[in-house]
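Examining the three-dimensional arrangement
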Amino acid sequence: MTAVLTRRPGLARIRSAGSPLHLCCLGFAVLVVAGALLAGVLAPHDPNAVDLGNALAGPSGDHPLGVDVAGRDTLSRLLTGARASLLGPLGVIVFSTVAGVVVGTAAAWKGGWLDSVLSRSTELVFAFPGMLLAILIISIHGEGLAPVVALAIAYLPYVARLTRSLVLAERERPYVSAYRVQGHSGLQICLRHILPNVAPVVLAQSAINFGYALMDLAGLSFLGLGIPALTPDWGRMVFDGQTAIQRGYPLSAILPCVLIVLTVVAFNVVGERWADRVARRDR
């Protein structure tokens, strides 16, 4: 029988989840995701429509947040840029989490030489900083999916190491021995029983990693190494806004910076709160 995770009484759980900071961050994260999904409906203008005659104009009725150095509507670019700014980190987290869980589970369950090989391989990836690895891969393969793939490879060892430690602890529990005696294969035990028990912790860490991936990809876009230039992206908006700052119109650069910081903080707080609740639940 699978390990049953004890739960607090309902009122206690509601109170533990109801801190103002957590609720604000959760609400902001939901708002950002909703804005990205509905950008095509909410954006008042074409985000790439250039109007040099109206460049660096301040907020107005037609442009609530003003326009950038090329005369493009800042609000439309923020909304549309949210898609690329969130989809990139999502790709990083999905790939690194799936691959990391597979590697970590295989290493912990099989042990022996396989554990040694997989553990040493992930440690080799640790030797390369994620941003440096991304820049190296982008220099070889160019823009597009290269930054996502590079950061996914850089984040994989963190997930693999976490999964390995969790699975090692789970495989020593009595229910695993009981299933082995009943003739269940290792694959069945891992998929049906061990992974569902470790999934909450892995997903909580993935939520935290999402914020870091967003920040890393925004940094690459700022350096001109991210997605193609014609695709709105918060990091590239900061890069484009440098000229506006020098001319005394910082709004088009400050707003994407604020969104990046707030979104990273929101996902980190939500992920840490989730991880904390899982840890207290398992005591």
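Residues numbered from 1 in each chain as written. Predicted model: local features only at pLDDT ≥ 70, side-chain atom pairs only at ≥ 80, totals over all residues. Heavy atoms only, no water.

So, about the overall build of the protein. The helix and strand inventory of the protein stands at eleven helices and zero strands. Its helices and strands taken in sequence order, the protein reads α-α-α-α-α-α-α-α-α-α-α from the N to the C terminus. The principal-axis extent of the C-alpha atoms belonging to the protein is close to 75 × 50 × 25 Å. Partitioning the contacts of the protein with sequence separation of at least 6, the portion at a separation of at least 24 is 71%. Of the roughly 14,500 Å² of accessible surface on the protein, a fraction of 68% belongs to carbon and sulfur atoms. (Helix = DSSP H or I, 4+ residues; strand = E, 2+ residues; numbered from the N terminus. Contact = heavy atoms within 4.5 Å. Areas by Shrake-Rupley, 256 points an atom, 1.4 Å probe, with all protein chains shown as cover.)

In terms of nonpolar packing, the biggest core is built from 35 residues, with Val92, Leu151, Tyr155, Trp234 and Ile260 touching the most fellow members. Of all elements in the fold, only α2 (20-37), α4 (74-110), α6 (130-141), α7 (146-170), α9 (186-222), α10 (234-246) and α11 (251-281) reach the threshold of two or more residues within this core. With seven residues, α7 is the largest single contributor of residues to this core. Not counting residues within four places of it along the chain, the set of residues in contact with leucine 151 comprises Val92, Gly130, Ala134, Ala213, Asp216, Leu217 and Leu220. Residues Ala108, Leu166, Leu195 and Val202 belong to the second largest nonpolar core, which totals 15 residues. (Core = buried A, V, L, I, M, F, W, Y, C linked by side-chain atoms within 4.5 Å. Buried < 20%, exposed > 50% of the residue type's maximum accessible area, 1.4 Å probe, protein only.)

Here we come to a nonpolar patch on the surface. On the surface, Val33, Leu37, Leu38, Val41 and Leu42 cluster together to form a nonpolar patch covering roughly 490 Å² of accessible area. At the level of elements, α2 and α3 (39-42) are the ones that each hand at least two residues to the nonpolar patch. You can see valine 41 is positioned in helix α3. Since its relative accessible area comes to 70%, valine 41 is described here as exposed. (Patch = residues over 30% accessible without salt bridge, like charges linked within 9 Å, V, L, I, M, F, W, Y side chains within 5 Å. Salt bridge = Lys/Arg side-chain N within 4 Å of Asp/Glu carboxyl O.)

Direction vectors running N to C along α9 and α10 enclose 35°, while the axes themselves pass 7 Å from each other. The chirality of how α9 crosses α10 is right-handed. Only Gly235, Arg236, Val238, Phe239 and Gln242 of α10 make contact with α9, whose side of the interface consists of Ala218, Ser221 and Phe222. Classifying every residue of the contact of α9 with α10 gives four nonpolar, three polar and one charged. (Axes fitted to C-alpha atoms, helices over the stretch in contact; angles between N-to-C directions. Left-handed = near helix turned anticlockwise from the far one by under 90°. Nonpolar A, V, L, I, M, F, W, Y, C, P; charged D, E, K, R; others polar.)

What follows covers the pattern of salt bridges. With the rule as written, the count across this model stands at five salt bridges. A salt bridge links aspartate 68 to arginine 77; its shortest N-O distance comes to 3.8 Å. For the pair shown, aspartate 68 and arginine 77 are each scored as buried. Residues joined in a network through salt bridges with shared partners are Asp68, Arg72, Arg77 and Asp240.

All told, the structure shown has three aromatic pairs when counted by the stated rule. For the pair tyrosine 175 and tyrosine 179, a centre-to-centre distance of 6.4 Å together with 85° between the ring planes defines the contact as edge-to-face. One end of the pair, tyrosine 175, and the other, tyrosine 179, are both in helix α8 (residues 174-181), four residues apart, so they sit about a helical turn from each other. Judged by its relative accessible area of 6%, tyrosine 175 falls in the buried class. When the centroid spacing of 6.2 Å and the interplanar angle of 85° are considered together, the rings of phenylalanine 222 and phenylalanine 239 count as edge-to-face. (Phe/Tyr/Trp six-rings, centres within 6.5 Å; stacked < 30°, edge-to-face > 60°.)

A few words now on unusual backbone geometry. The backbone of leucine 56 sits at a positive phi, close to 60°, despite the residue not being glycine. With respect to the element layout, leucine 56 can be found in the loop between α3 and α4. By relative accessible area, which is 9% here, leucine 56 ends up buried.

Their axes nearest at 8 Å, the elements α4 and α10 cross at an angle of 135°. As the angle between them shows, α4 and α10 are arranged oblique. Along its contact with α4, which presents Thr74, Arg77, Leu78, Gly81, Ala82 and Ser85, the element α10 presents Trp234, Met237 and Asp240. Among the residues making up the contact of α4 with α10, the classes are represented as four nonpolar, three polar and two charged. (Parallel < 35°, antiparallel > 145°, perpendicular 65-115°, else oblique.)

Another point: α7. When the terminal C-alpha atoms of α7 are compared, their 36 Å separation across 25 residues agrees well with the 36 Å that a helix rising 1.5 Å per residue should span. Along α7, the sharpest kink reaches roughly 30°, centred on tyrosine 155 and followed within four residues by the proline proline 157. (Expected span 1.5 Å × (residues − 1). Bend = angle between axes of the 7 residues up to and from the residue.)

A word on the confidence of the model for the protein. Summarising the model, the protein shows a mean pLDDT of 83, and 90% of its residues fall at 70 or more. Predicted confidence is poor over residues 1-17, with pLDDT under 50, and the contacts of this stretch with residues over four places away or in other chains come to 26 contacts. (pLDDT = per-residue confidence, 0-100.)

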